[in-house]
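These are the residues of each chain, in order.
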Amino acid sequence: MRVRGKPGAQVVYVGHRLDVGTVAEVRPQLHDAVDSGKGDLIVDLSNLEMIDSTGLGVLVGTHRRALSADRRLVLRGVPPRIMRVLAVTRLNRVLRVEVPAAAVA
């Protein structure tokens, strides 16, 4: 997982898995990113291949933490498989998902 700061936003790159085996490492990094920055917290999921309920819980928890810090969590590069999971769980209505410019046109 990598974190990059940009004016008005931070980008956090998540690896291939966000599940029970990886959340112990990912959760504190996401929380630190929320606590240490300003503006949008963009979580890039473009490399994500697998997510389970624990990983979804980390995203929801980070979203709540960001709201408490007057920030916004934005999911970027969500693969279709992961987007289906968000849709089935209706988290796509809670979490902000960035829509690629090509999809808007």
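Preceding this paragraph is the structure being described.
Residues numbered from 1 in each chain as written. Predicted model: local features only at pLDDT ≥ 70, side-chain atom pairs only at ≥ 80, totals over all residues. Heavy atoms only, no water.

Student: Can you lay out the pairing of strand E4 (residues 40-44) for me, pointing to particular residues and giving the numbers?
Tutor: Most of E4 is tucked away: 4 of the 5 residues are buried. Across 5 bridges, strand E2 (residues 9-13) lies against E4 in parallel orientation. Note that in E4 the partner of Tyr13 across the bridge is Asp44. Taken together, the 4 bridges between E4 and strand E6 (residues 73-76) define a ladder with parallel strand orientation. Paired with Leu41 across the bridge in E6 is Leu73. (Buried < 20%, exposed > 50% of the residue type's maximum accessible area, 1.4 Å probe, protein only. Helix = DSSP H or I, 4+ residues; strand = E, 2+ residues; numbered from the N terminus. Pairing = 2+ DSSP bridges.)

Student: I'd like a description of the nonpolar core, backed by residues and values.
Tutor: Counting 25 residues, the largest nonpolar core has Val43 and Leu75 as the members making the most contacts within it. Going through the elements one at a time, helix H1 (23-36), E4, helix H2 (53-68), E6 and helix H3 (80-88) are the ones with two or more residues in this core. In contact with Val43, other than residues within four places in its own chain, are Val12, Val14, Leu30, Leu73, Val74, Leu75 and Arg76. (Core = buried A, V, L, I, M, F, W, Y, C linked by side-chain atoms within 4.5 Å. Contact = heavy atoms within 4.5 Å.)

Student: Run through the pattern of salt bridges, naming residues and quoting values.
Tutor: Where charged atoms from two side chains of opposite charge come close, those side chains can pair. If you walk through the whole model with that rule in mind, you get 4 salt bridges. In this structure, Arg72 engages Asp40 in a salt bridge whose closest nitrogen and oxygen atoms are separated by 2.7 Å. With Arg72 in the loop between H2 and E6 and Asp40 in strand E4, this residue pair connects regions lying 32 residues apart in the sequence. Exposure remark for Arg72: the relative accessible area of 36% places this residue in the partly exposed category. (Salt bridge = Lys/Arg side-chain N within 4 Å of Asp/Glu carboxyl O.)

Student: Give me the lowdown on H1, citing residues and values where you can.
Tutor: Look at H1: 19 Å from first C-alpha to last across 14 residues, which is about the 20 Å you get at 1.5 Å a residue. Of the positions making up H1, those classed as buried are Val23, Val26, Leu30, His31, Ala33 and Val34. One side of H1 holds all its buried residues, which, seen down the axis, span an arc of 155 degrees. Within H1, the exposed residues directed more than 90 degrees away from the buried face are Ala24, Glu25 and Ser36. (Expected span 1.5 Å × (residues − 1). Arc of directions from axis to C-beta.)

Student: Kindly report on the environment of Val60, identifying the contributing residues and their values.
Tutor: Considering the arrangement of structural elements, one finds Val60 in helix H2. Residue classification places Val60 among the buried residues on the basis of a relative accessible area of 17%. With sequence-adjacent residues up to four places away left out, Val60 is seen in contact with Leu91 and Leu95.

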